[in-house]
Amino acid sequence: MNAFSANSFVPAIGRVLLATIFIFSAIGKIAAPEATIAYIQSVGLPFATLGLAIAIAVELGGGLLLVLGIKARAVAALLAVFSIVTGLAFHSAIGDQNQLIHLLKNFAMAGGLLQVVAFGAGAFSVDQRLARPAARQFA
């Protein structure tokens, strides 16, 4: 087994690293919901409380599913779209270098997530574990 193949530990580490920012962000929103609601309102978006609930569900649920490799391609696609949309909605003031860095960070995360969409969860994932019996059955 090549150390860098899809059957190695590398895809699992990648999933964990990609998911970490989403999980920590959700925990921060849970710990300080008022701050997130105020931030959502500050950019002029309606239904801030609903937006908070959706963000927590996407970030925490999507992050945990990605770590475990459950429906990883679909979850990664959702998180990629979420990253692009939130980047554009909250970090569009690119004249401010900090906001530009945050926007580019969101785009980079989306790029990594699209790699999961393209190549799947890899080894050490529920997706791979569920696919094995079917593969053996037809072999």
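The rules behind these values
- Residues numbered from 1 in each chain as written.
- Predicted model: local features only at pLDDT ≥ 70, side-chain atom pairs only at ≥ 80, totals over all residues.
- Heavy atoms only, no water.
- Axes fitted to C-alpha atoms, helices over the stretch in contact; angles between N-to-C directions.
- Helix = DSSP H or I, 4+ residues; strand = E, 2+ residues; numbered from the N terminus.
- Left-handed = near helix turned anticlockwise from the far one by under 90°.
- Contact = heavy atoms within 4.5 Å.
- Nonpolar A, V, L, I, M, F, W, Y, C, P; charged D, E, K, R; others polar.
- UniProt positions renumbered as here; feature names shortened; annotations may be inferred.
- pLDDT = per-residue confidence, 0-100.
- Parallel < 35°, antiparallel > 145°, perpendicular 65-115°, else oblique.
- Core = buried A, V, L, I, M, F, W, Y, C linked by side-chain atoms within 4.5 Å.
- Buried < 20%, exposed > 50% of the residue type's maximum accessible area, 1.4 Å probe, protein only.

J.: Now, about the packing of helix α3 (residues 48–68) against helix α4 (residues 72–90): what can you tell me, with residues and values included?
T.: Describing two packed helices takes the angle between their axes plus the distance from one axis to the other. In contact at an axis separation of 10 Å, α3 and α4 are set at 140 degrees when each is read in the N-to-C sense. Here α3 and α4 pass one another in a crossing that is left-handed. Side by side, α3 and α4 meet where A55, V58, E59, G62, G63, L65 and L66 of the first sit next to A72, V75, A76, L78, L79 and F82 of the second. Here the residues of the contact of α3 with α4 are counted per class, giving 10 nonpolar, two polar and one charged.

J.: Can you explain the UniProt feature "transmembrane region" (unreviewed entry) in the protein? Please cite residues and give values.
T.: Feature annotation in UniProt assigns "transmembrane region" (unreviewed entry) to the following positions: residues 12–32, 44–68, 75–94 and 106–126. With 95% helix and 0% strand, residues 12–32 has its two end C-alpha atoms placed 30 Å apart. Span residues 44–68 is 84% helix and 0% strand, its end C-alpha atoms 35 Å apart.

J.: Break down the confidence of the model for the protein for me, with residues and values.
T.: Put simply, the protein has an average pLDDT of 93, and 91% of its residues get 70 or more. Looking across the protein, the model is least confident in helix α6 (residues 126–138), with a mean pLDDT of 74, and most confident in α3, with 98.

J.: Tell me what's going on with the packing of α4 against helix α5 (residues 97–119), and back it up with residues and numbers.
T.: Where α4 meets α5, the axes come as close as 8 Å, and the angle between the chain directions of the two elements is 165 degrees. If you check the angle between α4 and α5, you find them roughly antiparallel. Of the two elements, α4 crosses α5, and the hand of that crossing is left-handed. Side by side, α4 and α5 meet where A72, R73, A76, A77, L79, A80, S83, I84, T86, G87, L88 and F90 of the first sit next to Q99, L103, N106, F107, M109, A110, L113, L114, V116, V117, A118 and F119 of the second. For the contact of α4 with α5, a count of residues per class yields 18 nonpolar, five polar and one charged.

J.: Explain the nonpolar core to me, and be specific about the residues and the numbers.
T.: Ranked by internal contacts, the top residues of the largest apolar core, which has 18 residues, are F22, L66, L79, L113 and V116. Listing elements by their share of this core, those giving two or more residues are α1 (10–31), α3, α4 and α5. Top element by residues in this core is α4. It accounts for six residues. Discounting chain neighbours no more than four positions away, the residues touching L79 are F22, V58, G62, G63, L66 and L113.

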